[in-house]
Structures are given as structure tokens and as C-alpha cells.
Amino acid sequence: KDKLGYNLHGGYRSWLQSLELDHRFGSECFFLSTSEGSVMHVDLRSKRKVTFDQTLSERKINSMSLHPNGYTMATAGLST
């Protein structure tokens with residue numbers, strides 16, 4: 001239960017689409033987007049925890065970008 005990714009399995013029809021480093025924390029944190037329209041934030045500093053997991057679209061998110069201000073994220077996918 002303490003391993004990264006535990007209980008996040010979406011089945012064999014789900015996969016990771018893209019990865020964006022979180023520039024606010026160097027290479028210790030990153031965002032992942034999935035083929036199911038979710039975005040997750042992973043923090044490797046805190047026992048490799050998923051600190052954010054939200055479905056933002058009904059379809060896959062192909063790419064994302066965190067604005068330099070650290071508060072705004074742009075996503076692009078099949079529904080945008």
C-alpha cells in the first residue's frame with residue numbers, strides 16, 4: 001500500500017500520456033497525464049506520494065504545461 005501507484009490502476013485500457021516536471025520543486029516532483037483524462041502530481045520527496053489526482057477531461061490529455069507562476073496549467077487533448 002505504500003508503493004507509488006498503488007490503487008491507481010485503471011485497467012489495460014489506460015496508460016500515461018505525458019510527464020511535466022514541476023519547476024517549483026526541481027526534479028523532485030512531476031505531473032502525469034493519462035489516456036483517461038486524469039492529471040496526477042507525484043512528490044518524490046514525501047515517500048513518493050501522489051499528492052493530486054483529478055479527472056479534468058472525459059477524453060485523454062495528450063500534453064500539459066505548468067505556467068511559470070506555478071498556479072495555472074494548460075492541457076491539450078482530444079476534447080480541447
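The model shown is predicted, which means the values in this text are computed figures rather than measured ones. (Residues numbered from 1 in each chain as written. Predicted model: local features only at pLDDT ≥ 70, side-chain atom pairs only at ≥ 80, totals over all residues. Heavy atoms only, no water.)

### Observations regarding the sheet that holds strand β3 (residues 38-43)
Turning to step 1, where the next piece is worked out: The four strands lie next to each other as β1-β2-β3-β4, forming an open sheet whose pairing is antiparallel. In this open sheet, the two strands that pair with only one neighbour each are β1 (16-21) and β4 (49-55). The sheet shows a mean angle of 20° between the axes of neighbouring strands, taken without regard to direction.
Turning to step 2, where the next piece is worked out: With five bridges joining them, strand β2 (residues 29-34) and β3 adopt antiparallel strand pairing. Across the sheet, the residue bridging to C29 is D43, located in β3. (Pairing = 2+ DSSP bridges. Helix = DSSP H or I, 4+ residues; strand = E, 2+ residues; numbered from the N terminus. Axes fitted to C-alpha atoms, helices over the stretch in contact; angles between N-to-C directions.)

### Things to note about the nonpolar core
Turning to step 1, where the next piece is worked out: Of all hydrophobic cores here, the largest spans five residues; its members are F31, V39, I61, M64 and L66.
Turning to step 2, where the next piece is worked out: Here this core gets three residues from one element, more than from any other, and that element is strand β5 (residues 61-66).
Turning to step 3, where the next piece is worked out: Setting aside its immediate chain neighbours within four residues, L66 contacts E20, D22, H23, R24, F31, T72 and M73. (Core = buried A, V, L, I, M, F, W, Y, C linked by side-chain atoms within 4.5 Å. Buried < 20%, exposed > 50% of the residue type's maximum accessible area, 1.4 Å probe, protein only. Contact = heavy atoms within 4.5 Å.)

### As for the packing of aromatic side chains
Turning to step 1, where the next piece is worked out: Applying the stated criterion across every chain, the model contains zero aromatic pairs.
Turning to step 2, where the next piece is worked out: The ring of F25 carries R45 above its face, with NZ or CZ at 4.4 Å from the centroid. (Phe/Tyr/Trp six-rings, centres within 6.5 Å; stacked < 30°, edge-to-face > 60°. Lys NZ or Arg CZ within 6 Å of the ring centre and 35° of its normal.)

### Re the side chain of S38
Turning to step 1, where the next piece is worked out: Note that S38 resides in strand β3.
Turning to step 2, where the next piece is worked out: Of note is the side chain of S38, whose polar atom sits 3.3 Å from the side chain of T55. (Polar contact = N/O pair within 3.5 Å; in protein donor to acceptor, adjacent residues only side chain to side chain.)

### Observations regarding the pattern of salt bridges
Turning to step 1, where the next piece is worked out: Under the defined criterion, the tally for this structure stands at two salt bridges.
Turning to step 2, where the next piece is worked out: Across the pair D43 and R45 runs a salt bridge, and its minimum N-O distance is 2.9 Å.
Turning to step 3, where the next piece is worked out: We classify D43 as buried; its relative accessible area is 8%. (Salt bridge = Lys/Arg side-chain N within 4 Å of Asp/Glu carboxyl O.)

### Here's the deal with the pairing of β5
Turning to step 1, where the next piece is worked out: In terms of strand pairing, β5 meets strand β6 (residues 73-77) through five bridges, oriented antiparallel. Its bridge partner being in β6, S63 is matched across the sheet by A76.
Turning to step 2, where the next piece is worked out: In sequence, β5 turns back onto β6 through a hairpin of six residues, with G70 there showing a positive phi of about 80°.

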